[in-house]
Each structure stands twice: as structure tokens, then as C-alpha cells.
Amino acid sequence: MTTRLLHGDVAVDDTLPPLGVDVTATTVVLGALASRDWRPMHHDKDFAVERNGTRDIFLNTPNQAAWFERYVTDWTGPTGRLGRMTFRMNTSVFPGDHMVFGATVTGTDIDAAGCGWVDLDVALMVGDVATTTCAVRVALPVGDDDNPWNRRGDGWRPDSEGES
Amino acid sequence: MSDVPTTDLAAIPDGVLARIGQVQYEKEGGFPVEHGYIWSTCAATENGNPLFWDDAVAAELTDGPIAPPTMLSVWFRPHHWSPGRTEPAVPLQAHFDLKDDLDLPEAIISSNTITFHDPVRIGDRVRSRQVLKSISEPKTTKLGRGRFWVIDVEYLNQDDALLGVESYTAFGYRRDEGGSS
């Protein structure tokens, strides 16, 4: 049965279960092409090494965003609706790396429209290095009858600020 | 970061200042939103969210199939080639314009915020437009001397509904030829 997390199930300082992924050249190329990123540093190792000065091809940013989304919605289930994500890219992820996603709940609130929000600090780690961090604001149902996806117009306020 | 100059930067040209707040490069994506790319993205990230695989779940929760929100920028990325074009198209042209106009040959994207509004649906024709929001005073970082700028890319569908906004903060710079960090 698919998880459908409710807003009331979540508290500040909760941690999400980690997700580990072994990165291969296929991971990088598949992600780049799926996100329509044709730049050679994401599929041509010679170009990446000689022109970018990196040790190999590396995960592109739009595909990293898709990994972060997958990680968060694995936790929320399909009723979780992303409102906002802020990325900071520190260093690159290469074939051969073992990337591990982890996250902590930093805030929960219900906005003036009645939408339940959870704020998360998510990190993509390779070893001890946070290669990318992402602040995520995701809406969760406030009850069994609520569905954030039904919110439109003034009922959907992804720009709202949390109280954390 | 400091404001101590190590390399002189030219003043921002009036033509560049006039672009702040103006809509630029409004264009429609090269094809309607389609399921193939959605499944490719989910496969690339091993994303089993039933919203994107199970029509019954999509019908129940989102009134039909939608795209993963983080695919927002996918729908405006140009084809690698199209008839009559001799140079690859650049997705974030306003950014590359600033590099040229401010004579700052290097640039990095230091942060990126995506705000998601209405869901993107199969068959949508996604239109994007770029808005230069701000340009900073000269700054010196460990990369060199340059300026920060913020560019928003707004995405709308064929009904003019706002789908999302990507806000890029970039630092355009000249390498510090003096070697200091």
C-alpha cells in the first residue's frame, strides 16, 4: 500500500530514512538525456576532463532536482505536493560515487488558506561531503479529506513562509 | 566576500539597466508535454510515485496525468538541432547576454529556487519568459571580481496559467589574475 503521509504525522526534527544510490555513467547519461540537457560534460568524459577539469562526467542539476523530488515524495506518498525548492550546488557527483540522501524536518505550519506545509533540509552526501543541499517546502494533507493537489488560485501559496 | 576591488569593472551599461524587470525571450517550448519524457525521468531516478505510473491514482488525485513538478525546465529546453539552425540554442539566454554585456567571461549559478504553481499536464504547451530581476554592485569572492545577478524564468501554459518560476542567482566574474583568494 502506498504511503499517504498526513501533516499531523510530522514534527520538527523528524528525520527521513536515508536513500543510497550507486552512481554509474548510465545514471548520469540517462538523467541528462531525460532532462533534455545535451551539454557534453554530462555524457562525454573526455570533454568533462579536458574542458571542465573534472575527473569524469557528472550529474546535471535538473536531474539532481528530480532525484530530490523522488526522495521527498517517497516519504510523503503521492498526496505530497512540492511547493518550493532552493538548491545550493557545492560540488559534483560522478560515476563511482555512492550518493546518500538524508533530510530533517525544520518546520511545520498551516497557512492562511488552510494548507499544511512541511519544511525540510535535504542533503545529497557523497562520503562526508554535502555535494548539494536543498531546502524543500512540501504540502501534505491536513486530514483524510484534504488533497493539496486540489488547491488552486489563492488556496495554493507556495511562496508563503514557514514559521521555523 | 568583500567589496575591495582587485580588478576594475566597468559601470553597468544603461541598456542593461533598462532590461531589469522587462520580459525577455518569451517563447513556446518545442513540443507539447508528453508522457515519454515523464517516464524517462522517473526511470532515470527510479521514481515509483504512482501519480506518474497509475492512471487511476492520477485521476483520483490530480484529475488526470501530470508531470513531476521538477521537470518544469525540461519543457522549454530546445532541441539539440532543428531545421535551419546552425548554432546550438542556449536555454538561459538572458544569463549569457549579461556575461557578454558586462564583460564577465566566467559565471556560475550559485543558487536556484523553483516555485511550483499549477501542475503541468500532458499536452500542455509550456511558454517561458525570462526576467532580469537585479544586478549587484561589484563583489569579490574567492573566484574573482564580478557581480551577482538574479534572473527569473516564468513558465505559463496555453491558458496563461502560471506553472512555476525558476529563480537563478548567478555570479559573473573575472578570474583574479593576481592570484589572491
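For the structure, see preceding data.
Predicted, not measured: the structure shown is a model, and the values here were computed from it.

Caption draft 1: Region of the structure containing the overall build of chain A. Helix and strand counts for chain A come out as 3 helices and 5 strands. Traced from its N-terminal end to its C-terminal end, chain A shows the element sequence β-α-α-α-β-β-β-β. A principal-axis box enclosing the C-alpha atoms of chain A has dimensions of 55 × 30 × 30 Å. For chain A, buried positions account for 53% of its 164 residues. Considering only residue pairs separated by 6 or more positions, chain A has 71% of its internal contacts joining residues 24 or more positions apart. Here chain A displays about 7100 Å² of accessible surface, and carbon together with sulfur accounts for 49% of that area. Separation of charge centres in chain A, based on 14 positive and 24 negative side chains, amounts to 7 Å.

Caption draft 2: Fine view of the pattern of salt bridges. All names here are of chain A. Throughout the structure, instances matching the rule amount to 17 salt bridges over all chains. As a salt-bridge pair, D56 and K45 come within 4.0 Å of each other at their nearest N and O atoms. With D56 in the loop between α2 (45-51) and α3 (61-76) and K45 in helix α2, the pair connects residues that are 11 residues apart, well separated along the chain. D56 sits in the buried class, given a relative accessible area of 12%. For K45, a relative accessible area of 45% corresponds to the partly exposed category. Between R84 and E161 there is a salt bridge whose closest N-O contact spans 3.6 Å. Pair noted here: R84 is in strand β2 (residues 81-89) and E161 is in the segment after β5 (129-140), with a separation of 77 residues, a long-range link. When salt bridges that share partners are traced, they join D109, D119 and R137 into one network.

Caption draft 3: Region of interest: the interface of chain B and chain A. Facing 39 residues of chain B, the contacting portion of chain A comprises 37 residues. Summed over both partners, the interface of chain B with chain A comes to about 3200 Å²; 54% of that surface belongs to carbon and sulfur atoms. In this structure, the connection of chain B to chain A is made through 1 salt bridge. For the salt bridge of E60(B) with R4(A), the shortest nitrogen-to-oxygen distance reads 2.9 Å. Counting residues per element, the ones that place at least two in the side of chain B that touches chain A are α2 (35-44), α3 (55-62) and β2 (106-116) of chain B.

Caption draft 4: Here's a closer look at the environment of P95(A). All names here are of chain A. Secondary-structure assignment places P95 in the loop between β2 and β3 (98-110). Expressed as a C-alpha distance, the spacing of P95 and T24, which sit 71 residues apart in the sequence, is 4.3 Å. If we ignore the near neighbours within four places in the chain, the residues touching P95 are V23, T24, A25, V28, R55, D56 and I57.

Thresholds, definitions, all that
Throughout this description, residue numbers start from 1 for each chain and increase along the sequence as written. Chain letters and ligand numbers both follow the written order, the letters beginning at A and the numbers at 1. Side-chain atom pairs in this predicted model are given and counted only at pLDDT of 80 or more, local residue features only at pLDDT of at least 70, and totals for whole chains, interfaces and linings cover all residues. Excluded from the side-chain calculation are hydrogens and water; included are all heavy atoms of the structure. Each helix is a run of DSSP H or I of at least 4 residues and each strand a run of E of at least 2, with the numbering of both proceeding from the N terminus. A simple rule labels every residue: compare its accessible area, found with a 1.4 Å probe on the protein chains alone, to the largest value its type can have, and call it buried under 20%, exposed over 50%, or partly exposed in between. Pairs of residues are marked as contacts when any of their non-hydrogen atoms sit within 4.5 Å. The Shrake-Rupley method, run with a 1.4 Å probe sphere, supplies the accessible areas, and residue values consider only the shown protein chains as cover. Charge counting treats Lys and Arg as positive and Asp and Glu as negative, with His and both chain ends excluded. In this description, the location of a charge corresponds to atom NZ of lysine, CZ of arginine, CG of aspartate or CD of glutamate. Any Lys or Arg side-chain nitrogen located within 4 Å of an Asp or Glu carboxyl oxygen qualifies as a salt bridge. Buried area counts how much accessible surface, traced with a 1.4 Å probe, disappears from two parts once they are put together, with both parts' losses summed.

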